[in-house]
Amino acid sequence: GLEELRGAFEPVPGYLDAAGLGLPPRGTADALRAAVDDWQAGRAVPSVYDEAVERCRAVYARLVDAAPGNVAVGSQVSALVGLVAVNLPEGSEVLTVHGEFTSVLFPLLVQAERPDRRVRVRQVPADRLLQEVRPGTDLVAFSLVQSSDGRVLPGERIAEAARSVGALTLCDTSQAVGWLPVRAEEYDVTVCGAYKWLCAPRGVAFLTVRDPAAAWLRPHCAGWYAGRSVWDSVYGPQMDLAPDARRFDVSPAWLAWAGAVPALELFAATDPQAVHAYDVGLADELRAGLGLPAAGRAMVSLPDPQGTVRGALTAAGCRTAGRAGGVRLSFHVWNDSEDVRRALEAIETAR
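Residues numbered from 1 in each chain as written. Predicted model: local features only at pLDDT ≥ 70, side-chain atom pairs only at ≥ 80, totals over all residues. Heavy atoms only, no water.

A.B. asks: Hey, could you run me through the side chain of N87 in this one?
C.D. replies: As for its placement among the helices and strands, N87 is situated in the loop between helix 4 (77-86) and strand 2 (93-97). A polar atom in the side chain of N87 sits 2.7 Å from the backbone oxygen of L83. Setting aside chain neighbours within four positions, we find N87 in contact with R117, W216, L217, R218 and H220. (Helix = DSSP H or I, 4+ residues; strand = E, 2+ residues; numbered from the N terminus. Polar contact = N/O pair within 3.5 Å; in protein donor to acceptor, adjacent residues only side chain to side chain. Contact = heavy atoms within 4.5 Å.)

A.B. asks: How do you make sense of the packing of helix 10 (residues 272-289) against helix 12 (residues 337-350) when you look at a structure like this?
C.D. replies: Pairs of packed helices are described in terms of their axes, by the angle between the two and the distance that separates them. Following both chains from N to C, one finds helix 10 and helix 12 inclined at 30°, their axes separated by 10 Å at the closest point. Of the possible angle classes, the one that applies to helix 10 and helix 12 is roughly parallel. Where helix 10 crosses over helix 12, the handedness of that crossing is right-handed. For the pair formed by helix 10 and helix 12, the contact residues are L282, E285, L286 and G289 on the first element and S337, V340, A343, L344 and I347 on the second. Looking at side-chain class alone, the contact of helix 10 with helix 12 contains six nonpolar, two polar and one charged residues. (Axes fitted to C-alpha atoms, helices over the stretch in contact; angles between N-to-C directions. Parallel < 35°, antiparallel > 145°, perpendicular 65-115°, else oblique. Left-handed = near helix turned anticlockwise from the far one by under 90°. Nonpolar A, V, L, I, M, F, W, Y, C, P; charged D, E, K, R; others polar.)

A.B. asks: Can you walk me through a nonpolar patch on the surface in this structure?
C.D. replies: On the surface, a cluster of nonpolar side chains totalling about 370 Å² of accessible area is made up of W231, V234 and Y235. By the secondary structure assignment, Y235 is in the loop between helix 8 (213-216) and helix 9 (254-268). The class of Y235 is exposed, set by a relative accessible area of 69%. (Patch = residues over 30% accessible without salt bridge, like charges linked within 9 Å, V, L, I, M, F, W, Y side chains within 5 Å. Areas by Shrake-Rupley, 256 points an atom, 1.4 Å probe, with all protein chains shown as cover. Salt bridge = Lys/Arg side-chain N within 4 Å of Asp/Glu carboxyl O. Buried < 20%, exposed > 50% of the residue type's maximum accessible area, 1.4 Å probe, protein only.)

A.B. asks: I tried to follow the packing of helix 3 (residues 46-63) against helix 9 on my own but got confused; where do I start?
C.D. replies: Close contact between helix 3 and helix 9 brings their axes to 8 Å; oriented N to C, the two are set at 35°. As for the relative orientation of helix 3 and helix 9, their crossing is left-handed in sense. Of the residues in helix 9, those in contact with P46, Y49, D50, A52, V53, R55, C56, V59, R62 and L63 of helix 3 are W254, L255, W257, A258, A260, V261, L264, E265, F267 and A268.

Read these as layout, nothing more, since geometry by itself doesn't imply function.
This is the structure we're talking about:
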């Protein structure tokens, strides 16, 4: 349950930056240390790492309500988005958010720069994305939760609008999964970096894909790990790729996946609605203390063009992030009302 999940983390008073870098639970830190010790002692066995990858795939599938066969493993969001971008048909129109996180935006703009591809990227304000889906749009690419300020976009409505005009959806859930319940099957493709709200080591990322996108995407990064039988795919000359989403797998950074297992399993064993209510409750507690209305999201973004508010928070022992001319505070399961009080007192000194 929630209390078991909360108790799995070492207390770090004032750490309000899950949106930047999640803290590892004790089990993850222990697993990483054990993996390094085994590596150093010559006990590391690749097949054991493979078991960790498959456990992570299955657990992540449960977390986002997807079939395990629709989940691929990767390392970084930009690489997974790049896989989609390079597959865009010539002349495609892509709709995305103005000011979108660049791991989503840049792979698309790279394709738009190629004169032979004639890909058009149309950027609109986040609060206009739903209304701007139109006939002629081929792909709608967006982060479900915006990194800059924590806004939650109406993902299911955007996906429905895209389907109505024959467009596919690419949804980055990196700032959502772990505190906001997500159904990956609502979207054609999702990507997720697990080192934020899921508290896994950096280098663990996931892609989910369903038809018709699964039939349209070509696995441009295919290597031995994308083979139907991984350890029978390390040499040519023939290629036999996995028939499901594993054909989009890239060779994993083994130690990271060993550490990811305990973190993902902790979140999968906890009611996501309970995590959501807890995180949002703390964020709205801070907002109430500042005289702001509840927003129903785990992040609080405050204007801070000179960095004075963030400076006061840092001086008070709070770890936050400076984003888009503001200071971003993100609340997760290791936080409590004492963190809210500490932040409120620091913010008041900067006003």
